Amino acid sequence: MPVLYRTYRPNKWSEVMGQDHIVEALKDSIANKRIAHAFLFSGSRGTGKTSVARILAKAVETKDEDVYEIDAASNRGIDDIRQLREHVSVLPFSSPFKVYIIDEVHMLSKDAWNALLKTLEEPPKHVIFILATTELGKVPETIVSRCQTFNFRKPSREIIRKQVTSIGKKEGIELDAGAADLIALLGDGSFRDALGMLEKVMSSSKDKKISREEVEAITGAPRAGLVNQFIENLLGKNEDAALKVLGETDKAGISMNTFITLVLEKTRFILLVQHSPASGAVVKERVSPDDWEFISAQANKKLLTPFILTTLLEAAEGVGRARIEVLPLELAVIRVCSSIN
């Protein structure tokens, strides 16, 4: 099976998803022939920084032999940068520019930064630097100030869900709505991670149809049944049963961050349908038939209050900071079930 992320890596501007603000700005600068000598792309992993860097190199008519990709994690010393400085003075082979893409640039040593700064201050006219980093805060301000900086946003789950569904079809795989949505959630804003998850599920699936249950089993994500049990018991203020579900989830080694995200999404859907039946059509498209049946049934009970959802939101914020991940959720259950709202 091919590596999906590489196979479906964007090769032109129209294929870049979720970064319209960056694409338009770069296209305009090229059209107006106002191309900076140094760019700094920052953002979390898998958001398209290197892909956009390669597309930018092509857009300024740089051929492959004049594009150099450097991994700063393994070429981080001053000798590496000194070698680079000597290299940039040589004219390109057959292009108007030589483009240097330096990935994970925040990994450079202090001496290497100083050496690179000298090159950025007075670069040859035929050289363009594209620096990429997942940790902008570690890049010296002296470097940042000499670059045109672009911040790559995490794509929304909806964008990733559409991409996963589209690529699945191209690979002859049909994902149900719940499966695509869960893969998008587990991707956590990274195209690369989401496609890696899709690849894992595809390689383990016995047929060409993938359900949410298959994704849960293969990835170790919390089962929809556990999430539903927790919500139903919480809304019914069945404290003992809700805490028992949390205990089972924790014992299974399931990420509480993933669990609470799924709980929040489903309770949000319940709240929307409960207060705006017209929202049902939109929600129904996003979930599996079983989940829709659960959501609509809970909405009809009209037990979900803004207080409960707010309490869950506060618990979600606490999960990432807590020494014991499940504790904020346990406290939320106790708070909701002991309230008189």
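Refer to the preceding data block for the structure.
For clarity, every value in this text was computed on a predicted model and none was experimentally measured.

Undergrad: Help me get a handle on the layout of surface pockets, residues and values and all.
TA: Estimated volume of the largest pocket: approximately 320 Å³. Looking at the largest pocket, it is lined by 20 residues, and the ones nearest its centre are Tyr 8, Pro 10, Glu 15, Met 17 and Gln 163. For the lining of the largest pocket, the secondary-structure elements that each account for two or more residues are helix 1 (4–7), helix 3 (49–59), helix 7 (157–170) and helix 9 (191–204). Top element by residues in the lining of the largest pocket is helix 7. It accounts for five residues. Among the residues making up the lining of the largest pocket, the classes are represented as nine nonpolar, seven polar and four charged.

Undergrad: Could you give me a rundown of the sheet that holds strand 1 (residues 38–42), with the residues and numbers involved?
TA: Taken together, the five strands give an open sheet; going across it, the order is 2-3-4-1-5, and neighbouring strands pair in parallel fashion. Strand pairing shows two members of the sheet lacking a second neighbour, strand 2 (67–71) and strand 5 (148–151), which therefore form its edges. Across the sheet, the mean angle from the axis of one strand to that of its neighbour is 15 degrees, orientation sign disregarded. Where strand 2 and strand 3 (residues 98–103) come together, five bridges link them in parallel fashion. Looking at the pairing, Tyr 68 lines up with Tyr 100 of strand 3. Of the strands in this sheet, strand 1, strand 2, strand 3 and strand 4 (127–133) touch helix 3, which is tilted by about 155 degrees from strand 1.

Undergrad: A description of the pattern of salt bridges should follow, citing residues and the corresponding values.
TA: Considering all chains together, one arrives at 12 salt bridges under this definition. A salt bridge links Arg 161 to Glu 158, with the shortest nitrogen-to-oxygen separation between them at 2.7 Å. Of this pair, Arg 161 and Glu 158 both sit in helix 7, three residues apart, which is roughly one turn of the helix. Note that Lys 266 and Asp 291 form a salt bridge whose closest N and O atoms lie 2.8 Å from each other. Here Lys 266 is found in helix 13 (residues 256–275), whereas its partner Asp 291 is found in helix 15 (residues 289–301), with 25 residues between them in sequence. Each member of the pair, Lys 266 as well as Asp 291, is classed as buried. Three or more residues joined by partner-sharing salt bridges are found here, namely Arg 157, Asp 181 and Glu 265.

Undergrad: Give me the lowdown on the pairing of strand 4, citing residues and values where you can.
TA: Here strand 4 lies mainly inside the structure; seven of its seven residues are buried. Neither face of strand 4 is left uncovered, since the one carrying Val 127, Phe 129, Leu 131 and Thr 133 and the one carrying Ile 128, Ile 130 and Ala 132 both have all their residues buried. The pairing of strand 1 with strand 4 spans five bridges and is parallel. Bridging across to strand 4, Phe 39 finds its partner in Ile 130. Once you follow strand 3 into helix 5 (residues 110–121) and on to strand 4, the crossover reads as right-handed.

Thresholds applied
Residues numbered from 1 in each chain as written. Predicted model: local features only at pLDDT ≥ 70, side-chain atom pairs only at ≥ 80, totals over all residues. Heavy atoms only, no water. 1 Å grid on protein atoms, 1.4 Å probe; cavity = no way out; pocket = protein on both sides within 12 Å on 5 of 7 lines; lining within 4 Å. Points joined across faces, edges and corners; volume = space filled by probe spheres on them. Helix = DSSP H or I, 4+ residues; strand = E, 2+ residues; numbered from the N terminus. Nonpolar A, V, L, I, M, F, W, Y, C, P; charged D, E, K, R; others polar. Pairing = 2+ DSSP bridges. Axes fitted to C-alpha atoms, helices over the stretch in contact; angles between N-to-C directions. Contact = heavy atoms within 4.5 Å. Salt bridge = Lys/Arg side-chain N within 4 Å of Asp/Glu carboxyl O. Buried < 20%, exposed > 50% of the residue type's maximum accessible area, 1.4 Å probe, protein only. Right-handed = clockwise from strand over helix to strand, strands pointing away.

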